[in-house]
Each structure stands twice: as structure tokens, then as C-alpha cells.
Amino acid sequence: MNYSSEYDIIVVGAGPGGSMAAKTAAENGSKVLLIERKKEIGAPVRCGEGIGLESLKGIDIEIPEKSYSFQIGGAKLVSPDIQNDIVVKTDQTKGYVLDRKVFDKDLAIQAGRAGAEIMVKSQVIELLKNENKIIGIKVETDDGIKEINSKIVIAMDGAESTIARMAGLNTTSDLYNSDTGYEYEMVNVSCDDLIEIYFSKEYAPRGYLWIFPKSKDVANVGVGVGGKEAPYAKEYLDKWINGPMKERFKNAQPVAIKGGLIPVGASREQLVADGFMVAGTAAHQVDPIHGGGIALAMKAGVLAGKIAAQAIKDNDYSKERLMEFQTKWNETEEKKLKKRLKLRKALEMLNDEDLNVVISSLDDEDIEKLLEGNFPPVVTKVLSKRPQLLKAIGGLIK
Ligand SMILES: Cc1cc2nc3c(=O)[nH]c(=O)nc-3n(C[C@H](O)[C@H](O)[C@H](O)COP(=O)(O)OP(=O)(O)OC[C@H]3O[C@@H](n4cnc5c(N)ncnc54)[C@H](O)[C@@H]3O)c2cc1C
């Protein structure tokens, strides 16, 4: 393949966010290079693959049938004692369990069709700088190490991002706001068209367990645990599968193991520098409650791609110009993420007994209100059943 030695915009990472950034920037007239370190975009998968239709609103993209495994009609939230559940079937909970191998590659194909050039099996190992300005990347490919110049680099290199740190941004992460996900894709698990979420401090401290159906008898079965419990994610999942869920999984067999990091502390504060932007999960643009980051990465990619392409037209790639990305993100999505971070922190203070009472006293309309960020009526209802939770969740009313 022949690549140029200079581009307007280089996007690092061809996850859903990077492909959307590359596609958007190319559609808006920029000369774009999208670089992915894996030899096949989309594989291996490290994701539960669930995505809500509501979360895709505002993103100008069609999801072809081949990109999803199963259509989801709603969500089931199950109490720690597995005695009670709430089934929510609203626009907020309808969606897909994707086939990310196909989905991610299809988004990259769409970026290519829009005019972006794509490099696979190529790892960005360094940023090129002129004083403090980012002026390109150094990339390791099968043909050797190359230096490629660009006016703007957009880092969309996922949860284990290294590129933003190279750009001099503050990328310190605390253990408390990092979840580790561990998941089996399993056959012989009977499923309805519902994603199932199980709360349990015993089996998923500071997190939850999930069953996301990929067909009537195949599902992603996983756990996300937070903070210092992270190294034990597999043990928690195995204990749950072989313990309280033994009957459900008695014939289940794994066909894949998937896992990885999920930052759940809301977005990083610094998203731009001279000639540089960081977006998607690399920027921690992930839902702090459920750890979903696919749709948010796509939204961030579109916004970053649009602003970068306009900056190219304006011939201004300064930090001040690119700050539009950070400001717009903070005014829109980040407001919601901060609210959901507050809810996550309140939920963390509940023990399994509290959660049993909470789930047995709420209904689907209450969950819809919570998902919309309308906490006061739900908190009031919970407190009428369990007043001792005032200290833990009373702050959500303010
Ligand atoms: C176990 C688990 C379950 C999850 N379940 C869900 C779920 O059900 N729903 C949901 O919405 N989200 C889920 N997530 C989160 C979701 O996977 C991410 O938020 C999403 O993939 C983020 O997209 P992205 O484009 O920002 O980054 P990624 O999809 O991570 O893509 C980043 C890309 O950058 C590439 N890359 C990294 N470094 C370099 C480099 N130096 N040079 C070149 N390429 C590089 C990587 O190979 C990768 O392809 C889950 C995560 C985990 C770990």
C-alpha cells in the first residue's frame, strides 16, 4: 500500500469512535489517515456488545442487519437474592447486541468509502512534536517504522490509551474509577429478547453481572467489578455461574473469553492540545453506571471529526481552536455523565439487603425516570420503604 507522508488529520485507533471520526472528517473535506494496530479491525472483541437505540439518536449512521446478532426488546434488572426483577420495555431499553467483529469493520469500511485512508497492523508508538505542538506520528508497520506528518492527531485508542499521555495531557487514572470486565460468550443459555442485569455486592462488588443474548441460546455472560477487586473479576464470574446461577448455566459451554478495562469516572478534564484531540473511551467518555461506551465513542468521534475538519478549513489547529470539542462535549454529553456518576456513587453505598428492597419496591416507570436523570420521585419512593438510606441516596434529590 502507498501512503502519503502528510495528512490533514490522523486518527489513531479504528474502534467505533475512531472510524466515525475518520468518516466525518473525510466527509467534511479533510485528507484523513485512520491507523489501527490490530491486523483485523473488530477482532478480537472485548465487549458485551450491547447498545441502546436511544443512545444512537443523533448519530447519522445505519446499522446493517449483519452488524448485530440479536434485537433487544428491553432490560431486566434482577435483585441480589434473585427473588425480584423489574422488566423495562421502553425506547430507552430497546437495542441490539452487536456483532462487533462485523460492526467495527463495517464502520471502518464506511470511513474508507468516505475517502479516509486506512492502515492496519500498524501501531502508533510516538507523537512527532515541534516544541509543544503535535505535528504527526511515528508508526510501526510491517514495512518498518515510518514518520507521518499531520496538522491534527485525534487519539481514539481506547481504554488503555497511551497517546494522550505522549501529547502531554494529564492522564492519571485512579483505581476507584476503573472497572474490569470479564466475560464468556456461551452456548446453551436460554434467553429472551432482554438484556439481563444482576446486582450483587457478593458476586459483583462495585459493579454488576450481565447476560446479553446473541441468539435464543447464545449469550455474553459477564461481570464488571471496580477498584481493588478488579484482578478477581474471573473468580467472581465463575462463582456466580457455578453458584446461584447453576441451574441456568448447567449445560452452558464457552465459545469465547472477552475482557478488558472500563473507565467509569466520566470524561477526562483535558481533551485537547495544540494539534491534538483525545476522544471516546481513551478520554473516558463512558457511562459511569453501566460502562457502555460504544455509542458515546461514536458521538465523540463525530464531534471531534467535524471540529477537526473545520479547523483544517480555518487553517487553525491551535489548542484554543480545538477547545470547541471540549466545550461542546462538556455542555452536552458530559453533563449527563456527571449526573450518572453521582447516581453510581449513591448506589455503591447500598448493600445487598438494601438492593433487594429497592428492586422489590420499584417498577419500570421508576427505572425510566432514573434513566432520564429524574431522580427525586424515585428516591422519595425508595426512602418511604427504607428510610435508613437517607444518608446514602438523599443527595440525589438536590
Ligand atoms: C468486558 C467489556 C464489556 C463491555 N461491554 C459494553 C457494552 O455492552 N456496551 C457498550 O456500549 N460498551 C461496552 N464496553 C465498552 C466499549 O467496549 C468501549 O467503550 C468502546 O469500544 C469504545 O470505543 P472506542 O472507539 O473509543 O475505543 P476501542 O473500541 O477500544 O478502539 C480503540 C482502538 O484503538 C486501537 N489502538 C490502541 N492503541 C493503538 C495504537 N497505539 N496504535 C494504533 N491503534 C491503537 C485498538 O486496537 C482499538 O482497536 C465494554 C468494555 C469491556 C472491556
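Let me sum up the structure you'll find in this document. (Residues numbered from 1 in each chain as written. Predicted model: local features only at pLDDT ≥ 70, side-chain atom pairs only at ≥ 80, totals over all residues.)

### Some thoughts on the sheet that holds strand β7 (residues 95–98)
Ordered in space as β3-β7-β4, the 3 strands form an open sheet in which the pairing is antiparallel. The open sheet terminates on both sides in strands that have one partner only, identified here as β3 (50–52) and β4 (68–72). Across the sheet, the mean angle separating the axes of adjacent strands is 25° when strand polarity is ignored. (Pairing = 2+ DSSP bridges. Helix = DSSP H or I, 4+ residues; strand = E, 2+ residues; numbered from the N terminus. Axes fitted to C-alpha atoms, helices over the stretch in contact; angles between N-to-C directions.)

### Some words on the nonpolar core
Of all hydrophobic cores here, the largest spans 119 residues; its most connected members are L34, I154, M277, A279 and A308. Per-element tally for this core: the top contributor is helix α5 (residues 294–314), with 14 residues. With near-sequence residues (within four places) excluded, I154 lies in contact with I9, V11, A21, M277, A279, A304 and A308. (Core = buried A, V, L, I, M, F, W, Y, C linked by C-beta atoms within 7 Å. Buried ≥ 20, exposed ≤ 12 C-beta atoms within 10 Å, placed from the backbone. Contact = placed C-beta atoms within 7 Å.)

### Notes on the environment of G42
If you trace the backbone, G42 turns up in the loop between β2 (32–35) and β3. When the C-alpha atoms of G42 and A14 are compared, they prove to be 8.2 Å apart, with 28 residues separating the residues in sequence. Discounting chain neighbours no more than four positions away, the residues touching G42 are R100, K101, V102, F103, D104 and K105.

### As for the site of the ligand
Among the 39 residues in the neighbourhood of the ligand, the closest are listed as G13, G15, G158, G181 and G293. Every element with two or more residues in the shell around the ligand is listed here: α1 (16–27), β3, β9 (123–130), β12 (178–187), β16 (253–263) and α5. In terms of residues, the shell around the ligand owes the most to one element, β16, which gives 4 residues. Residues that form the shell around the ligand fall into these classes: 14 nonpolar, 17 polar and 8 charged. Of the domains in this structure, domain 1 (6–47 + 101–171 + 268–317) and domain 2 (72–98 + 177–263) are the two that each give at least three residues to the shell around the ligand. (Near = placed C-beta within 6 Å. Nonpolar A, V, L, I, M, F, W, Y, C, P; charged D, E, K, R; others polar. Domains from an automatic or database assignment.)

### Structural notes on the pairing of β7
Because side chains alternate across β7, one face comprises the buried residues G95 and V97, and the other comprises Y96 and L98, equally buried. Bridge count for β3 against β7 is 3 bridges, and the pairing is antiparallel. Looking at the pairing, I51 lines up with Y96 of β7.

### Details of the packing of α5 against helix α6 (residues 319–331)
Interhelical geometry of α5 versus α6 gives an angle of 155° and a closest axis separation of 9 Å. What the angle tells us is that α5 and α6 run roughly antiparallel. Regarding α5 and α6, the two cross each other, and that crossing is right-handed. Where α5 approaches α6, its residues A300, L303, A304, I307, A311 and D314 are matched on the opposing element by R321, L322, E324, F325, K328 and W329. Here the residues of the contact of α5 with α6 are counted per class, giving 8 nonpolar, no polar and 4 charged. (Parallel < 35°, antiparallel > 145°, perpendicular 65-115°, else oblique. Left-handed = near helix turned anticlockwise from the far one by under 90°.)

Geometry only, nothing functional implied.
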